[in-house]
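# Results of the structural survey
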Amino acid sequence: MTLIVPACNEAAGIDETLSAIAALDYPLDRLAVVLVDDASDDDTVAHLDRWANGRPYAHVLRRAHRDGKPRAVEAAMAITPSSAVLAMCDADIRMRPDYLRRVVAAFADPTVGGAVGYLAPANALATPTASYAAVESWLHQLVTSAGKDRLDLNPPTLGGAPVFRRAALDAIGGLGPAATGDDVRATVALTRAGWRTRFVEDAVADNTVAEKRGAYWHQHARWARDLYATVGAQRTMTAAVPLARRVEAWMLSLGYVDRVVLLAAILLAASAQLPFWVPCAYLAIATLEVIWAIRRAGAGRHMGLLLVRTVTLFPIDVASTVVATLAHLAGASPARSARSPG
């Protein structure tokens, strides 16, 4: 097993991630850690060197030119050709001690090509924006991904700590172009090639969600466009892929388009061209899903606060999705930001 940690200008927080890696209960004789400095401008590499010193299973790879996460991961893969399983950990993720052990257990099934655990928002109450981002994360993971996993519908290997079977990743050509969402593309590519993906809810890693509205806007818009960018991959879906997984892969690529449809429904209802119950029904179902997600996350005691903040921030979610959709249709290139949705 190889754990790859790509980092760029992460000096401020990388030590927490490295400390979490040091506390993993995965057997050291079966673990290699490759820390990749993607041409940082700060002293990230000094932090990586200091941590790797005295740990024979750790290696620091310095990149002379900044090429983004997919290329950094590929460079790490090139120096660990014997690893059958590859794990990745973004520089702001803190894996809990049993994370790798629990996720890797999913690969006992030879049809599984990728798996990911639950990324638990560590700052859900920090600001209204953080609360909204946390609720969105809980909904995507604890409701949507958990449901897909139970229904064998290939939950997305989203987030900052996915694990892949090396043979599966090689078969789909790696993580793909740096200009598109690497984790989203990997999920669609694995599905179209006939592999299964898994969401391992009891494997937990902590992460920090966006706390400022500007950061959330740019992150969310980029996520939406990354999802749209995978539409073209659907055309090469193999005939052996079950119909349900085909449909699910298409729905993943459509991403947040339901927000655009909701806005259109509201406008049509306001102009008396559509019954008001249509957008109201969507909002009612969405509210029930949010309540269930909050309860599943164990945050029920903050239900009132979280619901108020969710209602307040939802228009920003819709607006950023509309802007991202228009930009995608116009053919503009997505700006790189934080990782894809989790």
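Residues numbered from 1 in each chain as written. Predicted model: local features only at pLDDT ≥ 70, side-chain atom pairs only at ≥ 80, totals over all residues. Heavy atoms only, no water.

## Side note on empty space enclosed by the protein
The tally for this structure, following the rule as stated, stands at 1 cavity of 30 Å³ or more. Volume-wise, the largest cavity comes out at about 40 Å³. Leu153, Asn154, Thr187, Val188, Thr191, Arg245, Glu248, Ala249 and Leu252 together form the lining of the largest cavity. At the level of elements, α7 (182–192) and α9 (243–254) are the ones that each hand at least two residues to the lining of the largest cavity. The leading source of residues in the lining of the largest cavity is α9, at 4 residues. (1 Å grid on protein atoms, 1.4 Å probe; cavity = no way out; pocket = protein on both sides within 12 Å on 5 of 7 lines; lining within 4 Å. Points joined across faces, edges and corners; volume = space filled by probe spheres on them. Helix = DSSP H or I, 4+ residues; strand = E, 2+ residues; numbered from the N terminus.)

## Some words on helix α11 (residues 277–296)
For α11, which comprises 20 residues, the first-to-last C-alpha distance of 28 Å matches the rise-based estimate of 28 Å (1.5 Å per residue) to within 8%. Against the buried residues of α11 lie α5 (128–150), α10 (257–270) and α12 (303–330). Glycine 298 occupies a position one or two residues after α11 and carries a positive phi of about 75 degrees. (Expected span 1.5 Å × (residues − 1). Contact = heavy atoms within 4.5 Å.)

## Some details on the environment of glutamate 136
Inspection of the secondary structure puts glutamate 136 in helix α5. As for glutamate 136 and arginine 196, which are separated by 60 residues in sequence, their C-alpha atoms are 24 Å apart. At 3.4 Å, the side chain of glutamate 136 and the side chain of histidine 220 are in polar contact. Only 3.5 Å separates the side chain of glutamate 136 from the side chain of arginine 259, close enough to count as a polar contact. (Polar contact = N/O pair within 3.5 Å; in protein donor to acceptor, adjacent residues only side chain to side chain.)

## Quick look at the side chain of threonine 2
Its location among the elements puts threonine 2 in strand β1 (residues 2–7). Here serine 83 takes part through its side chain, which lies 2.3 Å from a polar atom of the side chain of threonine 2. The residues contacting threonine 2, other than those within four sequence positions of it, are Ala32, Val34, Thr80, Ser83, Val85, Leu86 and Ala87.

## Quick look at the confidence of the model for the protein
On average, the protein scores 88 in pLDDT, and the residues at 70 or more come to 90%. Across the protein, helix α4 (residues 99–104) holds the top mean pLDDT of 97, while α9 sits lowest at 74. The model gives residues 333–342 a pLDDT under 50, and that stretch makes 42 contacts with residues more than four places away or in other chains. (pLDDT = per-residue confidence, 0-100.)

## Concerning the packing of aromatic side chains
Per the counting criterion, the structure on display carries 2 aromatic pairs. Pairing tyrosine 132 with tyrosine 216 gives two aromatic rings, centres 5.7 Å apart and planes at 85 degrees, and the pair type is edge-to-face. Of this pair, tyrosine 132 sits in helix α5 while tyrosine 216 is found in helix α8 (residues 213–228), placing the two residues 84 residues apart along the sequence. In this structure tyrosine 132 comes out as buried when scored by relative accessible area, which is 6%. (Phe/Tyr/Trp six-rings, centres within 6.5 Å; stacked < 30°, edge-to-face > 60°. Buried < 20%, exposed > 50% of the residue type's maximum accessible area, 1.4 Å probe, protein only.)

## What to know about the nonpolar core
Within the largest apolar cluster, 56 residues are counted, with the highest numbers of intra-cluster contacts made by Leu3, Val33, Leu35, Met95, Tyr99, Leu100 and Trp138. Not counting the four nearest positions on each side in its chain, leucine 100 is found in contact with Met1, Leu3, Leu24, Tyr26, Leu31, Ala87, Met95 and Val163. By size, the runner-up hydrophobic cluster in this structure holds 20 residues, among which are Leu61, Met77, Phe164 and Trp195. (Core = buried A, V, L, I, M, F, W, Y, C linked by side-chain atoms within 4.5 Å.)

## Some words on the pattern of salt bridges
Summed over the entire model, instances satisfying the criterion amount to 18 salt bridges. For the salt bridge of aspartate 206 with arginine 96, the shortest nitrogen-to-oxygen distance reads 2.8 Å. With aspartate 206 in strand β8 (residues 196–207) and arginine 96 in the loop between β5 (93–95) and α4, the pair connects residues that are 110 residues apart, well separated along the chain. One connected set of salt bridges, linked through shared partners, spans Glu136, Asp258, Arg259 and Asp317. (Salt bridge = Lys/Arg side-chain N within 4 Å of Asp/Glu carboxyl O.)

## What about the packing of α10 against α12?
The interhelical angle for the contact between α10 and α12, taken along N-to-C directions, is 105 degrees, at an axis separation of 9 Å. With respect to α12, the element α10 is oriented roughly perpendicular. Here Arg259, Val260, Leu262 and Leu263 of α10 come into contact with α12, specifically with Phe314, Asp317, Val318, Thr321, Val322 and Thr325. Residues that form the contact of α10 with α12 fall into these classes: 6 nonpolar, 2 polar and 2 charged. (Axes fitted to C-alpha atoms, helices over the stretch in contact; angles between N-to-C directions. Parallel < 35°, antiparallel > 145°, perpendicular 65-115°, else oblique. Nonpolar A, V, L, I, M, F, W, Y, C, P; charged D, E, K, R; others polar.)

## What to know about the pairing of strand β7 (residues 162–165)
Of the two faces of β7, both are covered, the one formed by Pro162 and Phe164 as well as the one formed by Val163 and Arg165. Summarising the sheet, strand β4 (residues 85–88) and β7 pair through 3 bridges and their orientation is antiparallel. Opposite alanine 87, over in β7, you have valine 163 as the bridge partner. (Pairing = 2+ DSSP bridges.)

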